[in-house]
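# Coordinates in review
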Amino acid sequence: MATQSRLIKKYPNRRLYDTRTSTYITLADVKELVLGHEPFQVVDAKSGDDLTRAILLQIILEEEAGGAPMFSSDLLSQMIRFYGNAMQGMMGSYIENNIRSFTEVQAKLKEQAKSLYGETSGDSQDLWAQFLKFQGPAMQHMMGAYVEQSQKMFQQMQDTMQEQTRKIFPGIYTKPDEKAEKK
């Protein structure tokens, strides 16, 4: 039997109401749902609009404002530059696929740790937690660098495509900064 998505309503007073438990919850509670892989949807209590992405972005913002941010200012600037760009949809899929691959590698590492240390009364869980505690900042740096490098490659690909478009359609295509110069 498939688990039904948990419905959370957001009220104008910015409070979140979990319809399954009939209680008000916080962003920290929503984060726990994410960490527990529990499907949920956040909707505006008045209009019914889906607010799930906005709430997830809010959680990311809080995490980034905390101790060890995952994304550098340069990376965030690069991401902003893709909005409104012809490659915007492709970039989202590209990042999503890379994170999925990274998660799969992480799961394989966890399985290898289980095979090395066994599953003795929670000890392997403690060892894994200790490993991640010491590797956390390194993993965050590695993930940030990986995404940054991937994004630079994607930007180079986009620049190449724009250059080819200019060569094919010299009178039609104008760079955005050239349009500003002509005004």
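Below you will find a few notes about this structure.

### A closer look at the overall build of the protein chain
The secondary structure content of the protein chain amounts to six helices and four strands. Beginning at the N terminus, the succession of helices and strands in the protein chain can be written as β-β-β-α-β-α-α-α-α-α. Counting all 183 residues of the protein chain, 20% fall into the buried class. With an accessible surface of roughly 13,500 Å², the protein chain has 56% of that area assigned to carbon and sulfur atoms.

### A word on the side chain of Asp18
Along the polypeptide, Asp18 turns up in strand β2 (residues 16-18). The class of Asp18 is buried, set by a relative accessible area of 3%. Looking at Asp18, its side chain comes within polar contact range of the side chain of Thr21, at 3.5 Å. Leave out the neighbours within four places in its chain, and Asp18 touches Arg6, Leu7, Ile8, Thr23 and Ile25.

### Description of unusual backbone geometry
One non-glycine residue, Arg14, adopts positive backbone phi at about 75 degrees. Relative to the helices and strands, Arg14 is located in the loop between β1 (6-10) and β2. Within the chain, His37 stands out as a residue other than glycine whose phi angle is a positive 60 degrees. Residue position: His37 is located in the loop between α1 (27-35) and β4 (40-44).

### A short note on the pairing of β1
In terms of strand pairing, β1 meets β4 through five bridges, oriented parallel. Residue pairing across strands places Lys9 opposite Val43, the latter belonging to β4. Note: β1 against β2, three bridges, orientation antiparallel. Across the sheet, residue Lys10 finds its bridge partner in β2, namely Leu16. Linking β1 to β2, which pair antiparallel, is a turn of five residues; within it Arg14 sits at a positive phi near 75 degrees.

Cut-offs used in this document
- Residue numbers run consecutively from 1 along every chain, following the written order of its sequence.
- For this predicted model, a pLDDT threshold of at least 70 governs which residues receive local features, and a threshold of 80 or more governs which side-chain atom pairs are given and counted, while totals over whole chains, interfaces and linings are taken from all residues.
- Hydrogen atoms and water are omitted, and side-chain values are computed over all heavy atoms in the structure.
- Starting at the N terminus, helices and strands are each numbered in turn, a helix being any DSSP run of H or I of at least four residues and a strand any DSSP run of E of at least two.
- Summary of the burial criterion: residues with accessible area below 20% of their type's maximum are buried, those above 50% are exposed, and those between are partly exposed, where the area comes from a 1.4 Å probe applied to protein chains only.
- Accessible surface area values rest on a Shrake-Rupley calculation with a 1.4 Å probe, where residue burial reflects the displayed protein chains alone.
- Polar contact criterion, stated in full: a pair of N or O atoms within 3.5 Å, where within protein one must be able to donate a hydrogen and the other to accept it, and residues adjacent in sequence count only if both atoms are side-chain atoms.
- The contact criterion used throughout is that any non-hydrogen atoms of two residues lie within 4.5 Å.
- The pairing criterion for strands is at least two bridges between them, as found by DSSP.

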